[in-house]
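# Descriptive structure summary
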Amino acid sequence: MTKYRIVEKFVSINGEARSAGQLAVFIRFAGCNLNCTYCDTAWAIPVDTQCELMSLSEITEYVNGTGIRLVTLTGGEPLLQEGLTELVAELIASNHKVEIETNGAVDIGPYKVLADELNLTDELTVTLDYKCPGSGMEQFMLMENYDLLRKYDTVKFVVSDRNDLDRAREIIDRYDLTKRCAVYLSAVFDKIKPAEIVEYMKEYRLNNVTHQLQQHKYIWHPDRRGV
């Protein structure tokens with residue numbers, strides 16, 4: 001029986017992307033295949049980091065007990081977790097909506113297949129990061145994922161400077177993202193002023209691109225866990 005490696009589970013508001021400001025149950029998995037310069041959950045990166053081993057039924061029971069419908073699966077990198085498609089399917093069968101936050105370096109194909117097989121709409125959404133140059137991890141981006149995006153999905157660019165903004169604009173244009181899914185620009189906290197991002201959006205007429213602030217870092221201390 002699969003045991004899922006959980007480093008955190010809690011209820012809070014989603015800090016970013018389509019469901020920003022909405023209550024969600026967060027399930028954070030251990031382990032990541034990237035090491036971004038600005039990572040704010042670096043403590044969750046090692047596969048052998050301290051964690052709780054939970055079965056599918058234990059996770060489902062916990063989620064059901066919260067009374068919250070939206071479930072955010074995050075990490076670390078959740079798509080590295082064995083048996084994740086089974087967990088997603090079970091949560092959806094239990095009348096939950098599932099959002100997967102992924103770093104863009106792992107195949108999202110199995111979740112496109114799952115959505116097609118179950119005839120899902122927004123019950124399953126993927127928030128796919130594009131790691132810009134400032135992350136130090138751009139070379140690991142799996143660009144085949146961009147052919148698999150659904151209209152319910154999101155591409156998120158976390159930017160630290162104008163060079164990152166230029167790359168984000170290039171990728172948005174190359175893959176015609178604003179016509180295919182939701183697109184967000186988000187600042188690396190304390191690295192670039194949000195006003196600079198807005199001015200850039202105005203300069204290049206970035207229609208249908210959403211600027212966002214990581215709400216949880218403004219409501220609570222930016223290093224606080226479990227929020």
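My aim in this report is to walk through the structure given alongside it, one point at a time. These figures come from a predicted structure and were not determined experimentally.

## With respect to the overall build of the chain
Across its full length, the chain carries six helices and nine strands. The C-alpha radius of gyration of the chain comes to 17 Å, within 12% of the 17 Å expected for a compact globule of 227 residues. Burial status across the chain gives 52% buried among its 227 residues. Looking at the chain alone, contacts between residues at least 24 apart form 75% of all its contacts between residues at least 6 apart. In the chain, the 25 positive side-chain charges and the 34 negative ones have mean positions that sit 5 Å from each other.

## What to know about helix H5 (residues 194-203)
Where H5 is concerned, the buried positions are Ile-197, Tyr-200 and Met-201. Each buried residue of H5 sits inside an arc of 100° when the element is viewed along its axis, so together they form one side. The inward-facing, buried residues of H5 contact strand E7 (154-159), helix H4 (162-174), strand E8 (182-187) and strand E9 (210-212). Just beyond H5, the residue with positive phi is Arg-205, at close to 50°.

## What to know about the sheet that holds strand E6 (residues 124-131)
Hydrogen bonds between backbone atoms are what pair the strands of a sheet, whose relative direction is either parallel or antiparallel. Overall, mixed pairing links the nine strands, which are arranged E3-E1-E2-E4-E5-E6-E7-E8-E9 in an open sheet. The open sheet has two free edges, formed respectively by strand E3 (52-54) and E9, since each of these has just one partner strand. When the angles between neighbouring strand axes are averaged without regard to direction, this sheet yields 30°. Note: E7 against E8, six bridges, orientation parallel. The residue of E8 that forms the bridge with Phe-157 is Leu-185. In this fold H4 packs onto E6, E7 and E8, with an angle of close to 160° to the strand it touches most, E7.

What counts and what doesn't
- Residues numbered from 1 in each chain as written.
- Predicted model: local features only at pLDDT ≥ 70, side-chain atom pairs only at ≥ 80, totals over all residues.
- Heavy atoms only, no water.
- Helix = DSSP H or I, 4+ residues; strand = E, 2+ residues; numbered from the N terminus.
- Rg over C-alpha atoms; globule rule 2.2 N^0.38 Å.
- Buried < 20%, exposed > 50% of the residue type's maximum accessible area, 1.4 Å probe, protein only.
- Contact = heavy atoms within 4.5 Å.
- Lys, Arg positive; Asp, Glu negative; His and termini not counted.
- Charge placed at Lys NZ, Arg CZ, Asp CG, Glu CD.
- Arc of directions from axis to C-beta.
- Pairing = 2+ DSSP bridges.
- Axes fitted to C-alpha atoms, helices over the stretch in contact; angles between N-to-C directions.

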